[in-house]
Amino acid sequence: MAISAKEQGMAYDPSSPQVMNAFYRRLFPYKALFKWLNQADVPGKLWTHREFAFTIENDVYIRYNSFNTAYDFQKEVLRLNPSRFEIGPQYSARPRDRKTLPAGALQPQRRELVFDIDMTDYDEVRTCCSDKKICKRCWGFIAAAVKVLDNALRNTFGFKHLLWVYSGRRGIHCWISDTLAIDLTDDQRRALVTFLEVIKGSKEQVKKVNVRNGKDDGELHPALEDALDDLRTEFSRLILRDQECFQSDQGWQTLLALLPANREVTESLRKLWESSPDRSSEDKWVDIVGMIKTYKTSNPTLYRKYEKYMQDIVLQYTYPRIDAEVSKHRNHLLKSPFCVHPGTGRVCIPIDPDRAHEFDPEAVPHVGELLVELDNAPAADSGGKIPEDYERTSLKPYVEMLERHAKAIMADVRGARRPVKEETMEF
Amino acid sequence: MFRPTTRPSATASSSLDVKLHKRQTVSSASSSGRYPYRLNFYDRPPSLDITLDEFETCAIDRLRILSHLEALSHRNLPPAQLSTAIATYTKQHLPLSANTARTANLDDERRRDEIGHWVLRLAFSRSPELRARFVRAETMLFRHRFETDDASERAAFLRHLALDWAVVGEDERSAYESQLRKCMPWARPEQFAAESWFKVSWTAVPDLVAKRRVFVKQGMAYVPQSMQISLVLQAFDTRLTRALEVTAKNLPRLDEDERLGPVIDHLAASFLAGVGAGEYAPTDSTAAVTAEMVDDVARKHFPPCMLNLYERLKRDHHLKHFGRLQLGLFLKGIGLPLEEAVVFWRRMYGSTMTDDKFNKEYRYNIRHSYGQEGRRANYPPKSCTQILTSNQPGTQDSHGCPFRHFSPENLQSFLLSTYPQLERGSPDMRDIMDSVKSSHYHVACTRVFEITHNVKRGEGLGNSESVSHPNKWTDRSRELEKEKLAILNGEDVKME
Ligand code: SF4
Ligand SMILES: [Zn+2]
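Residues numbered from 1 in each chain as written. Chains lettered and ligands numbered in written order. Predicted model: local features only at pLDDT ≥ 70, side-chain atom pairs only at ≥ 80, totals over all residues. Heavy atoms only, no water.

### Focus on the overall build of chain B
Item 1. Looking only at helices and strands, chain B has 23 helices and six strands in total.
Item 2. By residue count, 51% of the 496 residues in chain B fall in the buried class.
Item 3. Partitioning the intrachain contacts of chain B with sequence separation of at least 6 by distance along the chain shows that 70% fall at a separation of at least 24.
Item 4. Summed over its atoms, the accessible surface of chain B is roughly 24200 Å², and 51% of this surface lies on carbon and sulfur atoms. (Helix = DSSP H or I, 4+ residues; strand = E, 2+ residues; numbered from the N terminus. Buried < 20%, exposed > 50% of the residue type's maximum accessible area, 1.4 Å probe, protein only. Contact = heavy atoms within 4.5 Å. Areas by Shrake-Rupley, 256 points an atom, 1.4 Å probe, with all protein chains shown as cover.)

See the structure below:
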């Protein structure tokens, strides 16, 4: 083949209405999305009282849509042909009836717990790209964040049903569908996020990690200690080797500013690094370790302080930077999985958190590519089941991921209900 | 007779049954055994035989406390100062004594406490906002009582609640020893050794989770006994929130006794306006003011709403009806006698009006507001609640409360041009605008008072009282001036 489907596909413009219409008509996995959000086969309030918000031509934003069935939803998507759409909470009433409801009667009630991590928050630490750009290398930050956050949400908070979704350009979303997560109040969400939030402070603030109860040598909370264990290797691989965060003048000046204010150590390091500008980030990190070693016996307090500060540096460069506001309120709208990013044309596909490191944003299915695949696929052979259109494209494994995920949630929800039923049947 | 009607199944635990009597029934002096504890989770509605008067006063007393607590909570006081402020205020308006107190009529105090709570539930179940604010304030009150309660009484109370918290066993404790230790860095070794833990869903202690004060594993938080207050408060909060939602869905029909409806409406409205039905009684220190003095008093002692009206009047030589009423009654309150008021208004209108017109149309109104015409009612000066909630100003009006009725931009420039102590973008200014944004107008007003009178933050009009009446602002402002003069003159100042 002269040109690959990939190359052909890139020629499709995701901002063209025809392209999007073909995508919504032939590829969007409505059924799986419905089951995932509704957590049952028959539409319940999680579906019928759920807000959807559409962005259509000229950036017109239509809020408070809600639908009786998955089919109604599909019809509306095809009619509006939105460039993207977002998912909100289940309200106390159907959002689309809001004009006929008394004031204050439309209250957000249940909603997946969501997280949003965006590359822009890493601009001060990444060296390979900036702004809207993202490459396989800086994806390493996101991958590290996924590892830590996934771990904390499962082991610390005990959640099971996490769906990680590529946001289409330079970030990732996480949706948690456990009943406990869906039922969280805003206060509880705020508490959880505050627990997880470690990097705080504005541009002006150099040291952004202050998690030792105001003491320099305080202990880390066990959950943060777990995170630190995960992040140590990430730090050497990503920060010291790949990103070379302390190579440039500005880089190592920041590093010095993040260490305890000890004239002797700081000045020696400064002199050393000024005189040999080609010392790598890894060299410099080793320099610090070597420099403070003598204090281990002569000044254990100072030594301990350095140790803790260096741990904090690891956290500052690699700990997940979450957009806290997104997670704190039930009524926050978040872009739906399987939307197409209007700028990049990439589909917001689910990501397996255990393989987040292997993920390559450049390799994510492009809407055009999928349409080409569909055109090139052999017509369904007679006999046997007629495959869905998506099954004939590289979207298939991702749709299946969402289906499996929805199934697991539904099994759990059913399981939680069953005992009650059985009891009543027995008597 | 008034009987809230709700679905029978829901009544049992959630609604209040009130029988109104003409006269107060003498409650038996001996302890009824209904109130073995000072603390109360209010999970059993009382069945009450009370007078309308009792119904109302219990509710108003409590409302006053809740408003005051809410105002205090927005002032970011240090814990100790906050606790004292609450203690002083509650002692005065809603005392609640421990079992050991010999002098107090425990049953009566506790009964009033309970009635107030349940009546306010009716008033506050109506909107999500009211519910949320009620729960916050009630929880704050409960917290204060819990913290100041006698240790053994508190323990007995907790036992009776029988909250189902799982106790962490020895095995688990030693398995997580190091993690538990790291979550209590402040504890001395012997303290840690003596500690025991409850295991609860982390959602039961969001405050401890947010501060990383507890070890969390698989969704369970390990809460040290020493932090159980968080658990108790959360339980209080959750139960009350749920109960209010039930009440909201089965709101008792109040129209069966037309006397109760208005009382309850008024309670909710007062709280929304941020003030506990404050009524104004002039203090004796109010020296008479003459028409000549008004200008001077205005510059030094008028609250923002009145200063605004007065400046308008000076500029336009005119005020619309409600503006005249608001300012006029206020002036009466600060001690401007009728004859002086006539002089004052005549002068203000100046040449824009003929004597004839003034005498015909305005003199009557002034005399009327002093109770000298018509029904001869002596109208009291308007409270902040009234100013905030009734007769909403139209575009041509200048009455009302600047904090509520000005746009944020206009309010800011008004404050900046009126009070040289305030600066654009200063933390104080931001504070004030934040309070306004969250509809705590009286908090904003109190802050302006503090700043312009060189009063410590949190002191308000003295004893942490918020501004609830324009005349109280002026009284206090004049009082402070007197004290200052006395000091300058080397006199002794009588301190309360
Ligand atoms: S809060 Fe009360 S005193 Fe202050 S400006 Fe408003 S109405 Fe006047
Ligand atoms: Zn990059």
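### Focus: the packing of aromatic side chains
Item 1. Applying the stated rule across the entire model yields 54 aromatic pairs over all chains.
Item 2. When the ring of A:F235 is compared with that of A:W285, the centres are 4.7 Å apart and the planes differ by 55 degrees; the resulting orientation is tilted. Here A:W285 lies in helix α12 (residues 281–293) and A:F235 lies in helix α9 (residues 222–242), a separation of 50 residues in the sequence. For the pair A:F235 and A:W285, a shared accessibility class is recorded, and that class is buried.
Item 3. By the ring-pair criterion, three or more aromatic residues cluster together here, those being A:F23, A:Y24, A:F28, A:Y30, A:F34, A:W47, A:F52, A:F54, A:F67, A:F73 and A:F85.
Item 4. Above the plane of the ring of A:Y64 lies A:R63, whose end atom (NZ or CZ) is 4.5 Å from the centre.
Item 5. The residue whose ring lies beneath B:R212 is A:F195, and the NZ or CZ to ring-centre distance is 6.0 Å. (Phe/Tyr/Trp six-rings, centres within 6.5 Å; stacked < 30°, edge-to-face > 60°. Lys NZ or Arg CZ within 6 Å of the ring centre and 35° of its normal.)

### Section: the pairing of strand β1 (residues 50–56) of chain A
Residue and element names in this part refer to chain A.
Item 1. Among the seven residues that make up β1, seven are buried, leaving the element largely enclosed by the rest of the structure.
Item 2. On β1, burial covers both faces: R50, F52, F54 and I56 on one face and E51, A53 and T55 on the other are all buried.
Item 3. Pairing of β1 with strand β3 (residues 84–91), which is carried by five bridges, proceeds in the antiparallel orientation. Bridge pairing links T55 to R84 in β3.
Item 4. Bridge count between β1 and strand β2 (residues 60–65): four bridges; the pairing is antiparallel. (Pairing = 2+ DSSP bridges.)

### Things to note about unusual backbone geometry
Across residues other than glycine, the phi torsion is negative in most instances, and most of the peptide bonds are trans.
All names here are of chain B.
Item 1. Located in the positive-phi region is Q218, a residue other than glycine, with phi close to 50 degrees.
Item 2. By the element assignment, Q218 lies in the loop between β5 (215–217) and β6 (220–224).
Item 3. With a phi close to 55 degrees, H317 is a non-glycine residue in the positive phi region.

### Some remarks on the UniProt feature "binding site: [4Fe-4S] cluster" (unreviewed entry) in chain B
Residues and elements named next belong to chain B.
Item 1. UniProt feature "binding site: [4Fe-4S] cluster" (unreviewed entry): in the numbering of this structure it lies at C305, C384, C401 and C445. The greatest C-alpha distance among the annotated residues, which extend across 141 residues, is 10.3 Å, indicating that they converge on a single site.
Item 2. Here C305 lies in helix α14 (residues 304–316).
Item 3. For C305, a relative accessible area of 9% gives the class buried.
Item 4. In this structure C305 touches Q326, G400, C401, P402 and P470, once residues within four positions along its chain are discounted.
Item 5. Looking at the secondary structure, you find C384 in helix α18 (residues 384–389). (UniProt positions renumbered as here; feature names shortened; annotations may be inferred.)

### Observations concerning the coordination of the zinc ion (ligand 2)
Geometrically, a metal with four donors at the corners of a regular tetrahedron has ideal angles of 109.5 degrees, and one with six donors at the corners of a regular octahedron has ideal angles of 90 or 180 degrees.
Residue and element names in this part refer to chain A.
Item 1. Protein coordination at the zinc ion (ligand 2): the donors are C128 (SG), C129 (SG), C135 (SG) and C138 (SG), at 2.3 to 2.4 Å from the metal.
Item 2. Its four donor atoms give the zinc ion (ligand 2) angles of 104 to 119 degrees at the centre, a pattern that matches the tetrahedral case.
Item 3. Taken in sequence order, the residues that donate to the zinc ion (ligand 2) follow the motif C-C-x5-C-x2-C. In this structure, C129 and C135 share a single accessibility class: buried. (Donors = N, O, S within 2.8 Å, 3.2 Å for Na, K, Ca; no water. Tetrahedral: all angles 85-135°; square planar, octahedral: opposite > 155°, others 65-115°.)

### Things to note about helix α16 (residues 367–376) of chain A
Residue and element names in this part refer to chain A.
Item 1. Buried residues dominate α16, accounting for eight of its 10 residues.
Item 2. Of all the residues in α16, the buried ones are V367, G368, E369, L370, L371, V372, E373 and L374.
Item 3. Elements in contact with the buried residues of α16: α1 (5–10) and α2 (17–26).

### A look at the interface of chain A and chain B
Item 1. Contacts between the two partners involve 27 residues from chain A and, on the opposite side, 17 residues from chain B.
Item 2. Counting each side, the surface lost to burial between chain A and chain B is near 1800 Å², with a carbon and sulfur contribution of 61%.
Item 3. Applying the counting criterion to the chain A and chain B interface returns one salt bridge.
Item 4. Here B:K182 ties to A:E225 by a salt bridge, and the two come within 2.7 Å at their closest N and O atoms. (Buried area = accessible area lost by both parts, 1.4 Å probe. Salt bridge = Lys/Arg side-chain N within 4 Å of Asp/Glu carboxyl O.)

### Regarding the side chain of B:R121
Item 1. Assignment of secondary structure puts B:R121 in helix α4 (residues 106–124).
Item 2. When residues no more than four places from it in sequence are discounted, the contact partners of B:R121 are B:Y42, B:F134, B:L240, B:A243 and B:L244.

### As for the packing of helix α11 (residues 263–275) of chain A against α12(A)
Residues and elements named next belong to chain A.
Item 1. Where α11 contacts α12, the axes come no closer than 11 Å and their chain directions differ by 145 degrees. The two elements α11 and α12 cross, and the hand of that crossing is right-handed. Mapping the contact onto sequence places V265, S268, L269, L272 and W273 in α11 and K284, D287, I288 and M291 in α12.
Item 2. Here the contact of α11 with α12 is built from residues that sort into six nonpolar, one polar and two charged. (Axes fitted to C-alpha atoms, helices over the stretch in contact; angles between N-to-C directions. Left-handed = near helix turned anticlockwise from the far one by under 90°. Nonpolar A, V, L, I, M, F, W, Y, C, P; charged D, E, K, R; others polar.)

### Notes on the sheet that holds strand β6 (residues 162–166) of chain A
Residue and element names in this part refer to chain A.
Item 1. Spatially, four strands are ordered β5-β7-β6-β9 in an open sheet, and the strand pairing comes out antiparallel. A single partner strand is all that each edge strand has here, and the edge strands are β5 (113–118) and β9 (350–351).
Item 2. Two strands pair when backbone bridges link them, and β6 and β9 are joined in this way by two bridges, in the antiparallel orientation. Counterpart to V165 in the pairing with β9 is P350.

### Concerning the site of ligand 1
All names here are of chain B.
Item 1. Neighbouring ligand 1 are the residues P303, P304, C305, C384, I387, C401, P402, F403, C445, V467 and P470.
Item 2. Broken down by secondary-structure element, the contributors of at least two residues to the shell around ligand 1 are α14, α18 and α19 (402–405).
Item 3. For the shell around ligand 1, the per-class residue count stands at 11 nonpolar, no polar and no charged. (Near = heavy atom within 4 Å.)

### Quick word on the confidence of the model for chain B
Should pLDDT be low for a region, the predicted coordinates there are not to be read in detail.
Residues and elements named next belong to chain B.
Item 1. Scored by pLDDT, chain B has a mean of 80; 84% of the residues are at 70 or more.
Item 2. Put simply, helix α1 (residues 8–14) is where chain B has its lowest mean pLDDT, 38, and β5 is where it has its highest, 97.
Item 3. Overall, residues 25–30 carries pLDDT values under 50, and its contacts beyond four positions in sequence, including any with other chains, amount to two contacts.
Item 4. Contacts from residues 276–281, a stretch scored under 50 in pLDDT, to residues over four places away or in other chains number 18 contacts. (pLDDT = per-residue confidence, 0-100.)

### Focus on the sheet that holds strand β4 (residues 197–201) of chain B
Strands belonging to one sheet form pairs held by backbone hydrogen bonds; the direction of such a pair is parallel or antiparallel.
Residues and elements named next belong to chain B.
Item 1. Here we have four strands laid out as an open sheet, ordered β3-β4-β6-β5, and antiparallel in their pairing. The two strands at the open ends of the sheet, each matched to only one other strand, are β3 (166–167) and β5.
Item 2. Pairing of β4 with β6, which is carried by five bridges, proceeds in the antiparallel orientation. Paired with W197 across the two strands is P224, which belongs to β6.

### Quick notes on the confidence of the model for chain A
Item 1. Of the residues in chain A, 95% have a pLDDT of 70 or more, and the chain-wide mean is 91.
Item 2. Across residues 420–427 of chain A the pLDDT falls below 50, and counting only partners more than four positions away or on other chains, this stretch makes zero contacts in the model.

### Let's talk about the nonpolar core
Item 1. Judged by nonpolar contacts, the single largest core of 187 residues is most densely connected at A:F23, A:F115, A:L196 and A:F246.
Item 2. B:A291, B:M353, B:L388 and B:F414 belong to the second largest nonpolar core, which has 55 residues in total. (Core = buried A, V, L, I, M, F, W, Y, C linked by side-chain atoms within 4.5 Å.)

### Description of the packing of helix α13 (residues 294–301) of chain B against α14(B)
All names here are of chain B.
Item 1. Packing of α13 against α14 leaves a shortest axis separation of 10 Å and a crossing angle of 140 degrees. In terms of orientation, α13 and α14 fall into the oblique class. The hand of the α13/α14 crossing is left-handed. On the side of α13, the interface is formed by V294, D295, A298 and R299, while α14 contributes L307, Y310 and K314. (Parallel < 35°, antiparallel > 145°, perpendicular 65-115°, else oblique.)

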